[in-house]
Amino acid sequence: MKVSPARLHGSTVSYLCELGLGTEDAVLIADHLVDAECAGYPSHGLMRLTGIKAVSSGFGRVAEPRVVATGGGIKLYEADGQLGIVAMSRAIEVAIAEADENNLVMVGVRGYVGTTGMIGAYARRAAANGLVALIMCHSEYAVAPHGGRRAILGTNPIAIGIPSETTPFVADLATSAWSYGDLRVAMREGRTVPEGVVQTVDGRPSTDPNDADNGSQLPMAGHKGYALGLAVEILCGAFVGGKIGRDAAPGGDAALAIVFREDAIQPKATVESAISALLAEVKSAPLAYGFDAIRVPGEGSDSNRRKVAEAGFLDVDDNLLDSLGLTIA
């Protein structure tokens, strides 16, 4: 179905309100999910409504989040049962305000339920405010450690946002070979995946995306992705106070944002000039066989957003809308 972003946004807000979510939170979530669709990441778009619907029985309870200062520029956002996208959106607002005033802040986020969505969106928001952001979160166990066959770690994504004179640098990557959202898309479309993404329950190579559920996911780049994923598990689990591993310590998902001003050490003009020079050098490098351009992280999604804005519509999977029971008004 071809639908304008505005209609899709309004219909998503209505859908969430019908589930029992308050209007303000529904708008925040619709902002996030529709932006993911426009950016070309359906794996983090409307598909995420399935998980939100699964926890909708708790929407009648009004969350009472609070920000706790722990000293040394470190704050803890206690979400008290807020949805993950809402909690992260509020927490990054705290981080932006604190970093703008004090140069540097570290904000831990815990106590939320459901998906945090596309964490690159929060890094992008910080970069748009002249701030550098390193954001990570962990999730329920899904990924086996390198050399193992039992899921213990989350997909544990990391996002980095850096301001620039043109498009902000925004890198957003799972420490698993693929995000679970991408695997869900492959499951829905009946596609296989390359070897090295999932494995069977007995640790054998697989190309069936359903083995993400039946077996386990694998870390990206073998031992390197495993090391990064384990670090995120430790920082968000032990440091912030979320769950740790599969059975090591109970708890929920948690996130950590480290945000600082781009001019915290050097003048803004010096920093942005250096970044521009580097990106220009990277983009003008000789192309490898089969490539037509070198792109900077963040350029592709921004280009997709512009294309949708120019066309006035985006394509949404009718089967997905039907499965969700989401009617476009």
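Throughout what follows, the structure given in this document is the object of discussion. (Residues numbered from 1 in each chain as written. Predicted model: local features only at pLDDT ≥ 70, side-chain atom pairs only at ≥ 80, totals over all residues. Heavy atoms only, no water.)

### Some words on the overall build of the protein
Right, on to step 1. Along its length, the protein carries 11 helices and 12 strands.
Right, on to step 2. Against the globule reference of 20 Å for 329 residues, the protein gives a C-alpha radius of gyration of 20 Å, in line with a compact fold.
Right, on to step 3. Projected onto the principal axes, the alpha-carbon positions of the protein cover approximately 55 × 50 × 45 Å.
Right, on to step 4. Here the protein, with 329 residues, has 44% of them falling under the buried criterion.
Right, on to step 5. Within the protein, contacts between residues separated by at least 24 positions form 63% of all contacts whose residues are at least 6 apart in sequence.
Right, on to step 6. When the accessible surface of the protein is summed, it comes to about 15700 Å², and 55% of that surface belongs to carbon and sulfur atoms.
Right, on to step 7. Of the side-chain charges in the protein, 27 are positive and 38 negative, and the distance between the mean point of each set is 2 Å. (Helix = DSSP H or I, 4+ residues; strand = E, 2+ residues; numbered from the N terminus. Rg over C-alpha atoms; globule rule 2.2 N^0.38 Å. Buried < 20%, exposed > 50% of the residue type's maximum accessible area, 1.4 Å probe, protein only. Contact = heavy atoms within 4.5 Å. Areas by Shrake-Rupley, 256 points an atom, 1.4 Å probe, with all protein chains shown as cover. Lys, Arg positive; Asp, Glu negative; His and termini not counted. Charge placed at Lys NZ, Arg CZ, Asp CG, Glu CD.)

### Considering the sheet that holds strand E5 (residues 131-137)
Right, on to step 1. An order of E2-E3-E4-E11-E5-E6-E7 is seen for the seven strands of this open sheet, with the pairing classed as mixed. The open sheet is flanked by strand E2 (66-71) and strand E7 (169-173), the only strands paired with a single partner. Across the sheet, the mean angle separating the axes of adjacent strands is 15° when strand polarity is ignored.
Right, on to step 2. Two elements, strand E6 (residues 158-162) and E7, share five bridges in a ladder whose sense is antiparallel. Paired with Ile-162 across the strands is Phe-169, a residue of E7. (Pairing = 2+ DSSP bridges. Axes fitted to C-alpha atoms, helices over the stretch in contact; angles between N-to-C directions.)

### A word on the layout of surface pockets
Using a probe with the size of a water molecule, rolled over the atoms, empty space left in the structure can be pinpointed.
Right, on to step 1. Roughly 310 Å³ of internal volume is contained in the second largest pocket.
Right, on to step 2. Every residue lining the second largest pocket is counted, 19 residues in all, and those nearest its centre are Leu-21, Asp-25, Phe-59, Arg-61 and Ala-63.
Right, on to step 3. Per-class residue counts for the lining of the second largest pocket are eight nonpolar, seven polar and four charged. (1 Å grid on protein atoms, 1.4 Å probe; cavity = no way out; pocket = protein on both sides within 12 Å on 5 of 7 lines; lining within 4 Å. Points joined across faces, edges and corners; volume = space filled by probe spheres on them. Nonpolar A, V, L, I, M, F, W, Y, C, P; charged D, E, K, R; others polar.)

### Quick look at the nonpolar core
Nonpolar side chains in soluble globular proteins tend to be buried together.
Right, on to step 1. Residues Ile-29, Leu-49, Val-109, Ile-135 and Val-259 are the most contacted members of the largest nonpolar core, which totals 55 residues.
Right, on to step 2. If one sorts the elements of this core by residue count, helix H4 (residues 84-102) sits on top with nine residues.
Right, on to step 3. With residues up to four places along the chain from it excluded, the contact list for Val-109 reads Leu-76, Tyr-77, Ala-87, Met-88, Ala-91, Val-240, Ala-254 and Ala-255.
Right, on to step 4. Of all hydrophobic cores here, the second largest spans eight residues; its members include Leu-76, Met-136, Val-240 and Leu-256. (Core = buried A, V, L, I, M, F, W, Y, C linked by side-chain atoms within 4.5 Å.)

### Describing the sheet that holds strand E9 (residues 205-206)
Across a sheet, strands are paired by hydrogen bonds formed along the backbone, either parallel or antiparallel in direction.
Right, on to step 1. Ordered in space as E9-E8-E10, the three strands form an open sheet in which the pairing is antiparallel. Because the sheet does not close on itself, it has two edges, and the strands there are E9 and strand E10 (216-217).
Right, on to step 2. In this sheet, E10 lies alongside strand E8 (residues 198-199) in antiparallel orientation, the contact comprising two bridges. Paired with Gln-199 across the bridge in E10 is Ser-216.

### Examining the state of the cysteines
Right, on to step 1. Counting across every chain of the model gives zero disulfides.
Right, on to step 2. Lacking any disulfide linkage, Cys-38 is separated from the closest cysteine sulfur, that of Cys-17, by 20 Å.
Right, on to step 3. With no disulfide of its own, Cys-236 lies closest to Cys-137 among cysteine sulfurs, the gap being 6.6 Å. (Disulfide = S-S within 2.5 Å.)

### Considerations on the side chain of His-32
Right, on to step 1. Within the secondary structure, His-32 sits in helix H2 (residues 23-38).
Right, on to step 2. Classification of His-32 as buried rests on a relative accessible area of 6%.
Right, on to step 3. Those residues within four positions of His-32 in sequence are excluded, and the remaining contacts are Ile-85, Thr-116, Gly-117, Met-118, Ala-121 and Tyr-122.

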